[in-house]
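# Breakdown of the fold
Each chain is listed here by its residues.
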Amino acid sequence: MPPILLFVAVVAFLLWRGTASDERRQLLGDVWTRIRHARGQWKNLAPAPDPFSESLRTRTPRLFVTPSLVAIKIGVYLLMVVGTSPLGEPDTLLSWGASVGPQTSNGEWWRLLTALFASWGAMHVLADVAGLGGAGFLLERLVGPGAFAAMFVGAGLVSGAAGLAAHPVTVQAGASGAIAGLYGLTATLAVWGWIRPSPATIPLASLKRLWPGVAFFLLYTVLADGLGSEALRVGFLSGVGGGLVLATGLGLHTPEPRQVATVTALAALVVAVVAVPVRGMADVAAEVHYVAGVEARTTDVYD
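Figured I'd write up the structure that's included with this text.

Rules and cut-offs
Residues numbered from 1 in each chain as written. Predicted model: local features only at pLDDT ≥ 70, side-chain atom pairs only at ≥ 80, totals over all residues. Heavy atoms only, no water. Phe/Tyr/Trp six-rings, centres within 6.5 Å; stacked < 30°, edge-to-face > 60°. Helix = DSSP H or I, 4+ residues; strand = E, 2+ residues; numbered from the N terminus. Buried < 20%, exposed > 50% of the residue type's maximum accessible area, 1.4 Å probe, protein only. Patch = residues over 30% accessible without salt bridge, like charges linked within 9 Å, V, L, I, M, F, W, Y side chains within 5 Å. Areas by Shrake-Rupley, 256 points an atom, 1.4 Å probe, with all protein chains shown as cover. Salt bridge = Lys/Arg side-chain N within 4 Å of Asp/Glu carboxyl O. Polar contact = N/O pair within 3.5 Å; in protein donor to acceptor, adjacent residues only side chain to side chain. Contact = heavy atoms within 4.5 Å. Axes fitted to C-alpha atoms, helices over the stretch in contact; angles between N-to-C directions. Parallel < 35°, antiparallel > 145°, perpendicular 65-115°, else oblique. Left-handed = near helix turned anticlockwise from the far one by under 90°. Nonpolar A, V, L, I, M, F, W, Y, C, P; charged D, E, K, R; others polar. Core = buried A, V, L, I, M, F, W, Y, C linked by side-chain atoms within 4.5 Å.

Let us look at the packing of aromatic side chains. Scanning all chains against the criterion turns up 1 aromatic pair. Ring centres of Tyr183 and Phe217 lie 5.7 Å apart, and the angle between their planes is 75 degrees; on these two criteria the pair is classed as edge-to-face. Of this pair, Tyr183 sits in helix α10 (residues 176–195) while Phe217 sits in helix α12 (residues 211–225); the two residues are 34 residues apart in sequence, bridging distant segments of the chain. Residue classification places Tyr183 among the buried positions, given a relative accessible area of 12%. Taking the relative accessible area as the measure of exposure, Phe217 reaches 0% and is therefore buried.

Dropping the structure here:
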């Protein structure tokens, strides 16, 4: 037992032995009264029920898309950590589904999706999880799991295709475009709700609660990719476009299946339009390595 706890125990024992039984009962009664008073004050300090949050729980009682996305993101990173390949290396990321022009454009289009769950490192995972969790738990309840999943995947694919066209030989990994799409959707639904108030109008207090995750995500993304990140710009605009489709009727119910299908079809169309010009990109990595080797050997001979 630590000395301070032993000292307190000895003092308490001496005080207890030095008091009469009536005094002990009175002391215990005073302590119990103070405990009950403190419990009452704690209940008064508890936040009042939030009508908007209660309405969201009624609209979508259970969440499973956002927790599943977070679990997959963290799970893939943990598997990368226990693997034998060094973290943060392009070859490692490509083996875990990252996207790069010569491979993605030559029949491996699935990389546009799997790249959302690959990560450069621990901070990258934390930033994506913070950004996704901040908006996800609000949006999934507001628009429903189907529309939320369609918006996340659609924005991620569109931003991935745009990044592939802009930087074809750069390895792309992470969900920054998909998360930016969720922010675009949030902004659109918030403005729509203020123009046409309804029970689904997002109050300012709910938006304020998102800022810690949003700030951390944006700070990391800007430091890693710069202010001109195609993923952020394209993803956000995708979210705005999707929000315009999903906003109609949102005050009464979650988006209808036809609206979700429209968002999915538009995302697929944009991906196809962006991907067609870059399909079949030549993979010259082997030739580059060969030329580099020849130059190294020639330099050695010359020296």
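There is a patch of nonpolar side chains on the surface, built from Leu79, Val81, Val82, Leu87 and Trp96 and spanning about 440 Å² of accessible area. Note that Trp96 resides in the loop between α5 (90–95) and α6 (101–104).

Moving on, we come to the side chain of Glu140. Structurally, Glu140 can be placed in helix α8 (residues 122–143). A polar atom in the side chain of Glu140 sits 2.8 Å from the side chain of Thr66. Residues contacting Glu140, with those up to four places away along its chain left out, are Thr60, Leu63, Phe64, Val65, Thr66, Pro67, Pro145 and Phe148.

Running from N to C, α8 and α10 point in directions that differ by 40 degrees, and their axes come no closer than 10 Å. With respect to their mutual orientation, α8 and α10 come out oblique. Considering only the axes of α8 and α10, their crossing is left-handed. Along the contact surface, α8 presents Asp128, Gly131, Leu132, Ala135, Leu139, Leu142 and Val143, while α10 presents Ser176, Ile179, Leu182, Tyr183, Leu185, Thr186 and Leu189. Counted by class, the contact of α8 with α10 contains 10 nonpolar, 3 polar and 1 charged residues.

Leu132, Leu142, Phe148, Phe152 and Leu189 are the most contacted members of the largest nonpolar core, which totals 48 residues. When residues in this core are grouped by element, the largest group, 8 residues, is from α10. With residues up to four places along the chain from it excluded, the contact list for Phe152 reads Leu69, Leu116, Leu132, Ala175, Ala178, Ile179 and Leu182.

Taken by themselves, the reported measurements are silent on function.
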